[in-house]
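# Fold and geometry: a report
Next come the chains, spelled out residue by residue.
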Amino acid sequence: MQSQSTLSILALLLLLLVACKTETIPPAHIPAKPSTSSSTSKLAPSAPIVPQVSPISPSTSQLKATDWSQLKEWEQDMFLPAWTAFLQSCNVLNKQLLWRETCKKASMIKQSTDNTIKHFFKLHFTPHQVMNLDGSAEGLITGYYEPLLKGSRTPSQQYRYPLYAQPDELLIIELADVYPELKNLQLRGRLEGRKVVPYYTRAEIENESASLKGHELLWVNDQVELFFLQIQGSGRIILENGEILRVGYADQNGHPYQSIGKLLVQRGELPLENASMQGIKQWGQQNPDKLTQLLHQNSRYIFFRELPNNLSGPIGALGIPLTAGRSLAVDPRAIPQGAPVFLSTTWPNSNKPLNRLMVAQDAGSAIKGGVRADFFWGFGPEAASQAGKMKQKGKMWVLLPKNYSSQLQAQK
């Protein structure tokens, strides 16, 4: 039994967590920690992409072993895109005992055809249906993408909304080593005298209460586009000379995420069917005097870093580039990062089935629970359209190596 003093300390910590807690799961999509002493502190093109957080070993309590017949249209899928994404995952997974042997076998496949890939998965994996804590098997599937914004390296009347790098004063306090009960939780805050207090909110940052001068990476021309860049977690910026830069998630301020679409629906200012990214942008154009106040209701704020331009896609929580149409953001407490996941849902705003093999390669602060996922659509106007509309019901099956559960238990 815990001592009374330990319980008291935990109670105090949990009170602080209410204001500034965050899971170690990044809010999509790169958990890398850059140096941010000035606006010129950027990632060199040759620098490696390394995940900041250790992989979370999920409990298998929300995974129910089943047979392949439960996976609708499994036989009809085109496996090569997902296979390529899975081999990318193995660049990280092969360092984990639970995946090492399976990834080694995967690397030995010489002829990657739909039939050989399908045979490999059936031979070496067991499908597990993902369940929610209440025992249900259906959940919400949303979408995200890599946006393109117009920007500049210098501020002006046109380009007046800054992207900030991670501030020096942002504290990240790990608790698990001292309090195992707080595993997968961190504190984010700042020092005020000798006290650790919550870091500044979005409103305080944008009202310049925070001293972030010198931490500007870039400036962009659109307040709403910048807000949605933070929701997506990564994107591209086209400069006035035509140069295109890539930016990705560096860290965040520790405040909880609040859906502004949900707020607009609750206030009766937007019908539920229009509570998409496109609908919110249209509302902002029609209500410019209310826009800033609405955006400030989401206190969470994302800090960025510049990434190499030669990446094949934005970097996910696993630390590797995402694959359009095949990468999935999940809750790593329920589904292992890097694992193949068969998704059964429908295309955005339709009843048309969308059943395909994906790979869990990302995470997000709003992606919580068993059957909850964010579908990465890629880059460009079509990806933006699909991601903005996607709010579908779906089911998921995670494919695990046949000895995964027994090895997981042996490690505990």
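This write-up is about the structure you can find in this document. No experiment lies behind these values; they were computed from the predicted model shown. (Residues numbered from 1 in each chain as written. Predicted model: local features only at pLDDT ≥ 70, side-chain atom pairs only at ≥ 80, totals over all residues. Heavy atoms only, no water.)

## Looking at the overall build of the chain
Broken down by element type, the chain carries 11 helices and 18 strands. Per-residue burial over the chain gives 54% buried out of 412 residues. Looking at the chain alone, contacts between residues at least 24 apart form 79% of all its contacts between residues at least 6 apart. (Helix = DSSP H or I, 4+ residues; strand = E, 2+ residues; numbered from the N terminus. Buried < 20%, exposed > 50% of the residue type's maximum accessible area, 1.4 Å probe, protein only. Contact = heavy atoms within 4.5 Å.)

## A few points about the side chain of Arg190
Its location among the elements puts Arg190 in strand E8 (residues 185-192). Looking at Arg190, the relative accessible area reads 12%, which means it is buried. A distance of 3.4 Å separates the side chain of Arg190 from the side chain of Tyr200, its partner in a polar contact. Not counting chain neighbours up to four residues away, the residues in contact with Arg190 comprise Glu169, Leu171, Lys195, Val196, Val197, Pro198, Tyr199 and Tyr200. (Polar contact = N/O pair within 3.5 Å; in protein donor to acceptor, adjacent residues only side chain to side chain.)

## A closer look at the state of the cysteines
Evaluated as defined, the whole model comprises one disulfide. Cys90 shares a disulfide with Cys103; S-S distance 2.2 Å. Measuring handedness by torsion sign, the sulfur bridge of Cys90 and Cys103 sits at about -80° and is left-handed. Of this pair, Cys90 sits in helix H2 (residues 80-93) while Cys103 sits in helix H3 (residues 97-107); the two residues are 13 residues apart in sequence, bridging distant segments of the chain. By the burial criterion, Cys90 is buried, and Cys103 matches it. (Disulfide = S-S within 2.5 Å.)

## Considering the packing of aromatic side chains
Taken as a whole and assessed by the stated rule, the structure comprises 24 aromatic pairs. Seen in terms of ring centroids, Phe86 and Phe125 are 6.0 Å apart; in terms of plane orientation they differ by 75°. Their pairing is edge-to-face. Here Phe125 lies in strand E3 (residues 125-130) and Phe86 lies in helix H2, a separation of 39 residues in the sequence. Phe86 sits in the buried class, given a relative accessible area of 0%. Ring pairs connect the aromatic residues Trp68, Trp74, Phe79, Trp83, Phe86, Trp99, Phe120, Phe121, Phe125, Phe342, Trp397 and Tyr404, which therefore count as one cluster. The ring of Phe379 carries Arg236 above its face, with NZ or CZ at 3.7 Å from the centroid. The cationic tip of Lys352 hangs over the ring face of Trp347; the distance from NZ or CZ to the ring centre is 5.4 Å. (Phe/Tyr/Trp six-rings, centres within 6.5 Å; stacked < 30°, edge-to-face > 60°. Lys NZ or Arg CZ within 6 Å of the ring centre and 35° of its normal.)

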